[in-house]
Amino acid sequence: MPNIAIIGGQWGDEGKGKIVDLITPAFEIVARFNGGHNAGHTVIRGDRKLVLHLIPSGILHEGVRCVLGPGLVIDPQALEAEAREVEALGIDVWANLIVSDRAHVLLPHHRALDLMSEERKGSGKLGTTGRGIGPCYEDKAARRGLRICDLLLRDRIDAKVAAIREHFEALCRGYGVTRDLDWKKTADDLEAFGARIAPRVRDVSALLHREMVEGYSVLFEGAQATLLDLDHGTYPFVTSSSAGIGGVVTGLGVPPSRIDGVLGIVKAYTTRVGTGPLPTELKDAVGEGLRERGGEYGATTGRPRRCGWFDAVVARYSARVNGFDGIVLTKLDVLDPLEEIPICVGYRYRSTRLDDIPADVTIYEDCAPIYENMKGWNTPTGDVREWKDLPPQARDYIKRIADLVGVEVPLVSVGPDRDASVIDLNARTSSWLRA
Ligand code: IMP
């Protein structure tokens, strides 16, 4: 099996968790390259629903090794709490989880800063997950951050925590606020955590290199999505990591030549949590219907997701930035009862037509979608398992999306269960999905 990357093609929550879970049996290693516990990957197993935030969903498959790469920010408490949840399913998490020595450690003050910064922005807030992700990446970029490799030495922890505290308190003074944090406890907890995970800490780039040379296959699991990518997303309404394909290279230490294929995951409509532009947003009963049928509530924060029609400009942009070989279209069944389904094929900005995403978010916010109407199929698709059994209007809808985005659709998902998946056996990339 080639090494394949799974990348979100919209604003996150496209259903990457299910697709990773579905195809993991064909891989020996699943490696996450960006973000932290802001992600929420929902996996359904029979009547059990598990939401993973940090640990790759590959962990549910026996013998598959799961890697947290250097590009991640890891909250020790969140990681250990999640590991306990997975262990409750009878899975030996620590036997198969590998943590990068270069990943950054997310500390309690990062959470405090995230909340403070959102509060200060008032109506201009980003709508972050409040997990401290942005401030942790800020410390990383400012070269103040604490990394997993630092946790093995108490002196190092103390020195770094002291420098981080000094900076945090200077910020608080500037903001005119006080935040009393127990820094001694933070350092003690870090030392204890460092000792516990030491046996699972590795140079991830070297490990992946060795394994790939041996012929093992790696699934690169993206968190968040292209439109939330720090460089390529709708800045500043983005997360603070590289959620697109570039993140595989920087966040794992894997050369581009080792990425054999890229699959984009896109929903059959569009959703977004948090603030920022969403041209096809439906603020009416139709949008409410998508939210209810699609269960569109944040897996991490429980916030209602904003819902709208499929935006082909967004998907085409993502396909270009990431070099998608194919797109997996998820949650097609959510559109089942609709008589008519608009697809956004371009934007109108004042009197100009735009066929790409503008860099300036104020221009993007003023863009109106140009729609093309497709016929709905008005038939349940949740039980469909073969391409030929999809209603003709659904096949037309998928084909139109493939044409507009310029890449094939090897799989559509028609429900949360693993087997609620319809593969187009004629698609070149479908072999990557048949584990
Ligand atoms: P942060 O990553 O918590 O800093 O949040 C920045 C933006 O990214 C906010 O709009 C969040 O709602 C969004 N975001 C972060 N993680 C996810 C995710 O896993 N799915 C969807 N949106 C996300």
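Our structure's up above, just so we're on the same page.
In this text the structure is predicted, and so the values were computed from the model without any measurement.

A. View of the packing of helix α6 (residues 154–175) against helix α7 (residues 183–197). At a minimum axis distance of 10 Å, the contact between α6 and α7 shows a crossing angle of 145°. Judged by the twist between their axes, the crossing of α6 over α7 is right-handed. Contact residues: R154, I157, D158, V161, I164, R165, F168 and E169 in α6; W183, K184, A187, D188, L190 and E191 in α7. Taken together, the residues of the contact of α6 with α7 sort by class into seven nonpolar, no polar and seven charged.

B. Broad picture of the packing of helix α4 (residues 108–121) against helix α5 (residues 133–141). Interaxial distance between α4 and α5 falls to 7 Å at its minimum, and their mutual angle equals 115°. α4 and α5 meet at a crossing whose hand is right-handed. In this structure, α4 contributes H109, H110, L113 and D114 to the contact, and α5 contributes I133, P135, C136 and D139. Taken together, the residues of the contact of α4 with α5 sort by class into four nonpolar, two polar and two charged.

C. Structural view of the site of the ligand. Looking at the ligand, there are 16 residues lining it, with D13, N38, T129, T239 and R303 nearest. V273 places a main-chain nitrogen or oxygen 3.3 Å from an oxygen atom of the ligand. Isolated, the ligand exposes 470 Å² of accessible area, and the fraction of that covered by the protein chains is 96%. Its residues assigned to classes, the shell around the ligand comprises six nonpolar, eight polar and two charged.

D. Region of interest: the layout of surface pockets. Its volume calculated, the second largest pocket comes out at about 300 Å³. The wall of the second largest pocket is formed by 16 residues, among which Q77, P108, K185, T186 and D189 lie closest to the centre. Counting only elements with at least two residues in the lining of the second largest pocket, the list comes to α2 (76–87), α4 and α7. Of the residues that constitute the lining of the second largest pocket, the class distribution is seven nonpolar, two polar and seven charged.

E. Highlighting the sheet that holds strand β1 (residues 4–8). One open sheet accounts for ten strands, arranged β9-β7-β5-β2-β10-β1-β11-β15-β19-β20; its pairing is mixed. Looking at the sheet topology across the chains shown, the edges are occupied by β9 (201–202) and β20 (421–423).

F. Spatial organisation of the packing of aromatic side chains. What the rule picks out here adds up to three aromatic pairs. The ring of Y216 is capped by R65, whose NZ or CZ atom sits 5.8 Å from the centre of that ring. Cation over ring: R120 sits above Y175, and NZ or CZ is 3.9 Å from the ring centre.

G. Structural context of the pairing of strand β16 (residues 340–349). The buried count for β16 comes to eight of ten residues, which makes it a mostly enclosed element. Alignment of strand β14 (residues 310–311) against β16, held across two bridges, turns out to be parallel. Directly across from D311, in β16, lies its bridge partner C344. The pairing of β16 with strand β18 (residues 368–375) spans eight bridges and is classified as antiparallel. Directly across from Y347, in β18, lies its bridge partner P369. Of the pairings in the sheet, the one linking β16 to strand β17 (residues 352–354) comprises three bridges and is antiparallel in character. Pairing of R348 across the sheet is with R353, part of β17.

H. Molecular detail of the nonpolar core. Counting 59 residues, the largest nonpolar core has L208, L332 and Y397 as its most contacted members. Considering each element in turn, this core owes the most residues, seven residues, to helix α13 (residues 392–405). Two domains each put at least three residues into this core: domain 1 (4–100 + 201–258) and domain 3 (266–433). Non-local contacts of L208, meaning those with residues more than four positions away in its chain, are made with I29, A31, V67, V218, L252 and V254.

I. Representation of the pairing of strand β3 (residues 41–45) in the model. Across five bridges, the pairing between β3 and strand β4 (residues 48–52) is antiparallel. Looking across to β4, one finds that V43 is bridged to L50.

J. A look at the pattern of salt bridges. Applying the stated criterion across every chain yields a total of 29 salt bridges. Close ionic contact of K267 with E296 constitutes a salt bridge, the shortest N to O distance being 2.9 Å. Residue K267 is located in strand β11 (residues 261–267), and its partner E296 is located in the loop between α10 (285–294) and β13 (306–308); the two are separated by 29 residues in the primary sequence. Residue class for E296 comes out buried when judged on its relative accessible area of 0%. R428 is the salt-bridge partner of D325, the closest N and O atoms lying 3.3 Å from each other. On the criterion of sequence distance, the pair formed by D325 in the loop between α11 (312–322) and β15 (326–330) and R428 in the segment after β20 is long-range, its members being 103 residues apart. One salt-bridge network, in which partners are shared between bridges, spans D13, K267, E296, R305 and K331.

Calculation criteria
- Residues numbered from 1 in each chain as written.
- Predicted model: local features only at pLDDT ≥ 70, side-chain atom pairs only at ≥ 80, totals over all residues.
- Heavy atoms only, no water.
- Axes fitted to C-alpha atoms, helices over the stretch in contact; angles between N-to-C directions.
- Helix = DSSP H or I, 4+ residues; strand = E, 2+ residues; numbered from the N terminus.
- Left-handed = near helix turned anticlockwise from the far one by under 90°.
- Contact = heavy atoms within 4.5 Å.
- Nonpolar A, V, L, I, M, F, W, Y, C, P; charged D, E, K, R; others polar.
- Near = heavy atom within 4 Å.
- Polar contact = N/O pair within 3.5 Å; in protein donor to acceptor, adjacent residues only side chain to side chain.
- Areas by Shrake-Rupley, 256 points an atom, 1.4 Å probe, with all protein chains shown as cover.
- 1 Å grid on protein atoms, 1.4 Å probe; cavity = no way out; pocket = protein on both sides within 12 Å on 5 of 7 lines; lining within 4 Å.
- Points joined across faces, edges and corners; volume = space filled by probe spheres on them.
- Pairing = 2+ DSSP bridges.
- Phe/Tyr/Trp six-rings, centres within 6.5 Å; stacked < 30°, edge-to-face > 60°.
- Lys NZ or Arg CZ within 6 Å of the ring centre and 35° of its normal.
- Buried < 20%, exposed > 50% of the residue type's maximum accessible area, 1.4 Å probe, protein only.
- Core = buried A, V, L, I, M, F, W, Y, C linked by side-chain atoms within 4.5 Å.
- Domains from an automatic or database assignment.
- Salt bridge = Lys/Arg side-chain N within 4 Å of Asp/Glu carboxyl O.

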